[in-house]
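Geometric and topological summary
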Amino acid sequence: MKDVFIQACRGIKPQYTPVWFMRQAGRYMPQYQKIRQKYDFLTMCKTPEIAAEVTMQPVKVLNVDAAILFSDILIPLEAMGLKIEFIDEKGPVVSPAIRTIDNLKKLKNIELNAVDFVFKAIKILIKELDVPLIGFSASPFTLATYVIEGSSSKDFFHTKKFMFSDSSGFHQLLSSLTESTIVYLNGQIKAGVNAIQIFDTWAGILSPYDYEIFCKPYVKRILESLKQTVPVIYFSSNTSGLAKHINDSGADVVSLDWRIDMKDACHLFEYKPLQGNLDPLALLGQEMEIFKRVEKILNAGKSAKAHIFNLGHGVNINTQVDTLKKVVDFVHAFKSVED
Ligand code: CP3
């Protein structure tokens, strides 16, 4: 197996900079669209053969150095007693929304049998892939936002109302999500994933004070429970102001959005392995402008303990497959030219 990605996660500088893309499997790819026309998104996630095939598409087409399991951060919620739907043009819907301590009864500890399709997909993939496979979950806080809002949100009104008006109930919700997430991630590790990424997409809506209270302890608890297993990447967005807290959360790799200069990040994160951090929409621009930005990130990344090239968030649906391919080739060539 190609292990440049795992080496970088462990803080060993590999021969060349590894690269993969968040949301590398998805609607920007004609191969994905072809399958998606026949099945809805949840059916694709729940059918191990399809999930495995879609996971492999970008590995084959783009030549990336890691695969990420085709699934969603909301998938485990069904195995905790909630209903999830993905509605075209609207996005995910979770029901019933849990907004009070009374509603909390509806959230159960995860039933692993109910997500067996995830483990089956992983088992197929580790036989087929020649690059490491990344498993994932949301952070308890980010998952809680969907459980409370019942959908994506702009202002996170219900989340913050619950959090500030009944902090002990909110902590109970977070504890419950944390315990289920640990069980779920251990299931993925047992099935064979080579690394884990924790998506904390919405951590950036919190003040540093509240991040320390409502987010960090639960992320830390997950990270501690996964020590001695596989490397863990912590991704968050809009969190440059939280760098100090993120630095001591215990993640093996910190994944950055594009709002922070990679050079500054190397200082802030004490030369930890870093992942990122091109603005996904920069890929819609002219090639010269794209490579200028990619090169700048790669040069700055040399000061990190190790650097994994990625975007600062998921691939946009309007991205050209060819552009991503060229970025992969550019990243791979960057080091070899130097050496
Ligand atoms: O990265 C990958 O290729 C692996 C698969 C993956 C998906 N979602 C597939 C998906 C991963 C790792 C996720 C994580 C996820 N899901 C996050 C965290 C990362 C981030 O983007 O911030 C979040 C917040 C979600 C929740 C979610 N899922 C939303 C808001 C949406 C709707 C928006 C959209 O892009 O359609 C989804 C649906 C979703 N998850 C799709 C895919 C490929 C689109 C499904 C389709 O209609 O084909």
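Refer to the structure above for everything that follows.
The rules we used
- Residues numbered from 1 in each chain as written.
- Predicted model: local features only at pLDDT ≥ 70, side-chain atom pairs only at ≥ 80, totals over all residues.
- Heavy atoms only, no water.
- Pairing = 2+ DSSP bridges.
- Helix = DSSP H or I, 4+ residues; strand = E, 2+ residues; numbered from the N terminus.
- Contact = heavy atoms within 4.5 Å.
- Axes fitted to C-alpha atoms, helices over the stretch in contact; angles between N-to-C directions.
- Nonpolar A, V, L, I, M, F, W, Y, C, P; charged D, E, K, R; others polar.
- Salt bridge = Lys/Arg side-chain N within 4 Å of Asp/Glu carboxyl O.
- Buried < 20%, exposed > 50% of the residue type's maximum accessible area, 1.4 Å probe, protein only.

What follows is about the sheet that holds strand β8 (residues 274-278). Taken in spatial order, the seven strands line up as β1-β4-β5-β6-β7-β8-β9 in an open sheet, and their pairing is parallel. On the outer flanks of this sheet lie β1 (67-68) and β9 (307-311), each paired with one strand and no other. Here strand β5 (residues 195-200) runs beside strand β6 (residues 232-236); their pairing, made up of five bridges, is parallel. Each bridged residue has a counterpart across the sheet, and for Gln197 the counterpart in β6 is Ile233. Together, β8 and β9 form the strand contacts of helix α14 (residues 287-301), whose direction differs from that of β9 by roughly 150°.

Here Thr145 is to be found in helix α7 (residues 140-149). Ignoring any residue separated from it by four or fewer positions in sequence, one finds Thr145 in contact with Gly150, Ser151, Phe156, Thr159 and Trp202.

Glycine aside, residues mostly have negative phi angles, and peptide bonds mostly take the trans form. The step from Ser95 to Pro96 runs through a cis peptide bond, and the omega angle for that step is -5°. Its identity is not glycine, yet Asn63 carries a phi of approximately 65°, on the positive side. With respect to the helices and strands, the residue Asn63 is situated in the loop between α4 (48-62) and β1. Unlike most non-glycine residues, Glu270 shows phi in positive territory, near 45°. With respect to the secondary-structure elements, Glu270 resides in the loop between α13 (262-268) and β8.

Here we come to the packing of helix α8 (residues 157-165) against helix α9 (residues 167-191). The packing of two helices is summarised by the inter-axis angle and the distance between the axes. Where α8 contacts α9, the axes come no closer than 5 Å and their chain directions differ by 115°. Judged by residue contacts, Thr159, Phe162, Met163 and Ser165 of α8 engage Ser167, Gly169, Phe170 and Leu173 from α9. The residue inventory of the contact of α8 with α9, partitioned by class, reads four nonpolar, four polar and no charged.

What follows deals with the pattern of salt bridges. Taken as a whole and assessed by the stated rule, the structure comprises 13 salt bridges. For Glu78, the salt bridge identified is with Lys46, shortest N-O distance 2.7 Å. Of this pair, Glu78 sits in helix α5 (residues 75-78) while Lys46 sits in helix α3 (residues 41-46), and the two are 32 residues apart along the sequence. Taking the relative accessible area as the measure of exposure, Lys46 reaches 32% and is therefore partly exposed. Where Lys216 meets Asp248, a salt bridge forms, and the shortest distance between an N and an O atom there is 2.5 Å. With Lys216 in helix α11 (residues 216-226) and Asp248 in the loop between α12 (243-247) and β7 (253-255), the pair connects residues that are 32 residues apart, well separated along the chain.

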